[in-house]
Amino acid sequence: MPKTRSAPDYVLMFTTIILLTIGLIMVYSASAAWASYRFDDSFFFAKRQLFFAGVGVIAMLFVMRVDYWTWRTWSKVIIITCFILLVIVLIPGVGLVRGGARSWLGVGAFSIQPSEFMKMAMIAFLAKYLSENQKRIVSFKQGLVPSLSLVMVAFGMIMLQPDLGTGAVMVGTCVIMIFVAGARLSHFAWLGVAGLAGFVALIASAPYRIKRITSFLDPWSDPLGSGFQIIQSLYAIGPGGLMGMGLGESRQKYFYLPEPQTDFIFAILAEELGFIGGFIVLFLFGILLWRGIRIALGAPDLFGSFLAVGIISMVAIQVMINVGVVTGLMPVTGITLPLLSYGGSSLTLMLVSIGVLLNISRYVR
């Protein structure tokens, strides 16, 4: 391995901290009314987010100093552990049900979402596999099928919860990694047809998913039901205009937009800070993605490169899906906005992932 650089990518680090700070402010602003009503404490969600942000930043700084090859060494153990957790979460009475999905394991007031950690585990394992078998990836049977088999097993287990959003992010991330590794476009074409058929089957198997599609096409067909969230989100974004209504001045957070501190936090941000505020946030994500791509291109070995590609793809996919849902360009999927949305597991996982990127940046040539 090359000699470690004296400093990590500070642009990436400071961009992450800025987005995290914006997220903490917006979590409080978006959740204050609901937290005051439900818990008699307007800071309830903000305090918990601040706690997880502190844990996440400490974890990021720690991981930043750990040789990223450690993930290669322990990738099998990590992914087996995550599979075990995915099994445990499905056990009635053990896994916690929230929003109709059995996706959580809880102890006291705190809980974790194993499917979130499976995303990073799969990225590390697939990076190891691709770095060791890159020449085989051009073969459909010897390269592409084996690399996707484990991914689809994990996807199937996540769908048993069910959690289509998290599963889709994981699969999309892995597909990008495999494509970057050199898989043939013709093979992806056949897999795309099969994947589309499977996606249609998944939608048809659950009535609520069909309602999400129909509400995406015409939210006003059921304005008080499946189309409610999209309509209220657009009602938040529209009045924001160029400059916004002012920090803390959102109207939609007052029990119109359900739990605005999570999946629809970007709508509240656009309402309060306007087009300019939304643009700044997306610009910061653009900087984060640019630095991630730069790290992937400059990594000293294939494992580091594929690992960086996986992490930055995961971030990019989540941002595109979340903003797409909030602006009515995609059906509702339940994907958080990285570093901004409320959520302990997603926030901690994202900061740990960026810590891995920062460590790789210390080896960039």
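One structure accompanies this document, and this report is about it. (Residues numbered from 1 in each chain as written. Predicted model: local features only at pLDDT ≥ 70, side-chain atom pairs only at ≥ 80, totals over all residues. Heavy atoms only, no water.)

Along its length, the protein chain carries 12 helices and three strands. Here the protein chain has a C-alpha radius of gyration of 20 Å; the compact-globule value for 365 residues is 21 Å, and the two agree. In terms of its C-alpha atoms, the protein chain occupies a principal-axis envelope of roughly 55 × 50 × 40 Å. Buried positions account for 51% of the 365 residues belonging to the protein chain. Sequence-distant contacts, at least 24 apart, represent 72% of the contacts inside the protein chain between residues at least 6 apart. (Helix = DSSP H or I, 4+ residues; strand = E, 2+ residues; numbered from the N terminus. Rg over C-alpha atoms; globule rule 2.2 N^0.38 Å. Buried < 20%, exposed > 50% of the residue type's maximum accessible area, 1.4 Å probe, protein only. Contact = heavy atoms within 4.5 Å.)

In contact at an axis separation of 10 Å, helix H11 (residues 302–326) and helix H12 (residues 344–361) are set at 145° when each is read in the N-to-C sense. Crossing angle aside, the handedness with which H11 passes H12 is left-handed. Residues Gly304, Leu307, Ala308, Ile311, Ile312, Met314, Val315 and Gln318 of H11 form the contact with H12, whose participating residues are Leu349, Met350, Ser353, Val356, Leu357 and Ile360. Tallied by class, the residues present in the contact of H11 with H12 amount to 11 nonpolar, three polar and no charged. (Axes fitted to C-alpha atoms, helices over the stretch in contact; angles between N-to-C directions. Left-handed = near helix turned anticlockwise from the far one by under 90°. Nonpolar A, V, L, I, M, F, W, Y, C, P; charged D, E, K, R; others polar.)

Since the α-helix advances by 3.6 residues per turn, residues separated by three or four positions end up pointing in the same direction. Given a rise of 1.5 Å per residue, 19 residues ought to cover 27 Å, and the 27 Å separating the end C-alpha atoms of helix H4 (residues 114–132) matches this to within 8%. Among the 19 residues of H4, 16 are classified as buried, and the element is accordingly described as predominantly covered. (Expected span 1.5 Å × (residues − 1).)

Time to look at the state of the cysteines. Under the definition given, this model contains zero disulfides. Here cysteine 82 stays unpaired: no disulfide links it, and the sulfur of cysteine 174, its closest cysteine neighbor, is 12 Å away. With relative accessibility at 5%, the residue cysteine 82 sits in the buried group. Its relative accessible area of 1% is what places cysteine 174 among the buried residues. (Disulfide = S-S within 2.5 Å.)

What follows is about the pattern of salt bridges. If you walk through the whole model with that rule in mind, you get seven salt bridges. For the salt bridge of glutamate 116 with lysine 119, the shortest nitrogen-to-oxygen distance reads 3.0 Å. A residue pair is termed a helical-turn pair when its members lie 3 or 4 positions apart in one helix, as glutamate 116 and lysine 119 do in helix H4 at three residues. With respect to burial, glutamate 116 and lysine 119 carry one shared label: buried. Members of the salt-bridge network, linked through shared partners, are Asp9, Arg291 and Arg294. (Salt bridge = Lys/Arg side-chain N within 4 Å of Asp/Glu carboxyl O.)

Here we come to the packing of aromatic side chains. As enumerated under the stated definition, the model contains 15 aromatic pairs in all. Aromatic ring contacts, followed pair by pair, group Phe39, Phe44, Phe45 and Tyr342 into a single cluster. (Phe/Tyr/Trp six-rings, centres within 6.5 Å; stacked < 30°, edge-to-face > 60°.)

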